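If you want the building blocks of each chain, they are given just below.
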Amino acid sequence: MILELEPIFNNIGQKLDFEYQLSLPELSLLKKPVNVKGSVFNRAGVVHFNAVASCEAAAPCDRCAEMTEKHFDVPVEHVLVTALNNEENDELILLSDMRFETDALIREDIILALPSSYLCREDCKGVCQYCGKNLNHGSCSCQAPADPRLAVLRQLLDE
Ligand SMILES: [Zn+2]
Ligand SMILES: [Zn+2]
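Cut-offs applied
- Residues numbered from 1 in each chain as written.
- Chains lettered and ligands numbered in written order.
- Predicted model: local features only at pLDDT ≥ 70, side-chain atom pairs only at ≥ 80, totals over all residues.
- Heavy atoms only, no water.
- Pairing = 2+ DSSP bridges.
- Helix = DSSP H or I, 4+ residues; strand = E, 2+ residues; numbered from the N terminus.
- Axes fitted to C-alpha atoms, helices over the stretch in contact; angles between N-to-C directions.
- Contact = heavy atoms within 4.5 Å.
- Donors = N, O, S within 2.8 Å, 3.2 Å for Na, K, Ca; no water.
- Tetrahedral: all angles 85-135°; square planar, octahedral: opposite > 155°, others 65-115°.
- Buried < 20%, exposed > 50% of the residue type's maximum accessible area, 1.4 Å probe, protein only.
- Phe/Tyr/Trp six-rings, centres within 6.5 Å; stacked < 30°, edge-to-face > 60°.
- Lys NZ or Arg CZ within 6 Å of the ring centre and 35° of its normal.
- Salt bridge = Lys/Arg side-chain N within 4 Å of Asp/Glu carboxyl O.
- Domains from an automatic or database assignment.
- Buried area = accessible area lost by both parts, 1.4 Å probe.

Which parts of the structure should I look at to understand the sheet that holds strand 6 (residues 92-94)?
Strand-to-strand pairing in sheets goes through backbone hydrogen bonds, with the strands running parallel or antiparallel. Read across the sheet, five strands follow the order 2-3-4-5-6 without closing on themselves; strand pairing throughout is mixed. One side of each edge strand has no neighbouring strand; the edge strands of this open sheet are strand 2 (15-22) and strand 6. On average, each strand axis in the sheet is inclined to that of its neighbour by 30 degrees, with strand direction left out of account. Here nine bridges tie strand 3 (residues 34-43) to strand 4 (residues 46-60), and the two strands are oriented antiparallel to one another. Looking at strand 4, one finds that phenylalanine 41 is bridged to histidine 48. Strands in contact with helix 2 (residues 103-113) are strand 2, strand 3, strand 4, strand 5 (67-81) and strand 6; relative to strand 5, the strand with the most contacts, it is inclined by about 130 degrees.

Dropping the structure here:
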């Protein structure tokens, strides 16, 4: 979305609210367009960009492959500037003009916020490596193979 920010930069206390749907088909985790809601406001001469990107994800769990739906609210918070004075700050976004195209910034923050592993739950037990049963639904009757060092010890004790 393109925001016309000249009135914001030029007027302390000025605020612009926005809300729109951002489609990111290249992010396969997301099942529908992201709802972006936020505002740009000038507080004491500093222009803040604060938004929340509401993401609906749907994908198989990385561990047990069960289809899992999740909701992520990604905060997108930056300070917009039209010139840099040698500041080193990731939060500062340098605008080349007062018409700000927001999509790339929001997309970038969503990518940074998405989890590197997608799990149905934090303590997902995964599937049994022998019979393939989903261990979140109960244990299976497969025996884990005995530790070979213990087997040797047991043999010694038996003799
Ligand atoms: Zn899982
Ligand atoms: Zn099993």
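From this point, things continue past the structure.
What is the right way to read the coordination of the zinc ion (ligand 1) from this model?
Each donor-metal-donor angle would ideally measure 109.5 degrees in four-coordinate tetrahedral geometry, or 90 or 180 degrees in six-coordinate octahedral geometry. The protein atoms that coordinate the zinc ion (ligand 1) are Cys61 (SG), Cys64 (SG), Cys120 (SG) and Cys124 (SG), at distances of 2.3 to 2.4 Å. Its four donor atoms give the zinc ion (ligand 1) angles of 105 to 115 degrees at the centre, a pattern that matches the tetrahedral case. Residue classification places cysteine 64 among the buried residues on the basis of a relative accessible area of 9%. The class for cysteine 120 is partly exposed, based on a relative accessible area of 25%.

Would you explain the coordination of the zinc ion (ligand 2) in this entry?
Coordination of the zinc ion (ligand 2) by the protein comes from Cys128 (SG), Cys131 (SG), Cys140 (SG) and Cys142 (SG), over a distance range of 2.3 Å. Spacing between the donor residues of the zinc ion (ligand 2) along the chain follows C-x2-C-x8-C-x1-C. With cysteine 128 in the loop between helix 2 and helix 3 (148-158) and cysteine 142 in the loop between helix 2 and helix 3, the pair connects residues that are 14 residues apart, well separated along the chain.

Got a minute to help me understand the packing of aromatic side chains in this structure?
The relation between two aromatic rings is expressed through the spacing of the ring centres and the mutual angle of the planes. Tallying each qualifying case throughout the model produces two aromatic pairs. On the basis of an interplanar angle of 80 degrees and a centroid distance of 5.7 Å, the ring pair of phenylalanine 49 and phenylalanine 100 is categorised as edge-to-face. Linking phenylalanine 49 in strand 4 with phenylalanine 100 in strand 7 (residues 99-101), this pair joins segments that are 51 residues apart in sequence. Each of the two residues, phenylalanine 49 as well as phenylalanine 100, counts as buried. Clustering of aromatic rings is evident, with ring pairs tying together Phe18, Phe49 and Phe100. We note lysine 70 situated over the ring of tyrosine 118; from NZ or CZ to the ring centre the distance is 5.5 Å.

Any chance you could explain the pattern of salt bridges here in plain terms?
Between side chains of opposite charge, pairing is possible as soon as their charged atoms come close. Taken as a whole, this structure holds five salt bridges when the rule is applied. Salt-bridge contacts for aspartate 17 lead to lysine 15; the nearest nitrogen and oxygen are separated by 3.4 Å. Residue classification places aspartate 17 among the exposed residues on the basis of a relative accessible area of 56%. Among the ionic pairs, glutamate 69 bridges to lysine 31, the shortest N-O distance being 3.1 Å. Here lysine 31 lies in the loop between strand 2 and strand 3 and glutamate 69 lies in strand 5, a separation of 38 residues in the sequence. A residue is classified by how much of its surface remains accessible, and lysine 31, at 44% relative accessible area, is partly exposed.

Looking at this structure, I do not really get the domain arrangement of the protein chain. What am I missing?
Split into domains, the protein chain comes out as domain 1 (2-121) and domain 2 (125-159). Computed over C-alpha atoms only, the centres of domain 1 and domain 2 are separated by 47 Å. On the domain 2 side, the residues contacting the five residues of domain 1 number six residues. For the pair domain 1 and domain 2, the summed buried area comes to about 430 Å², and 41% of that belongs to carbon and sulfur atoms. Among the residues domain 1 hides against domain 2, the three largest losses belong to Arg63, Cys64 and Arg121. Together they make up 77% of the total.

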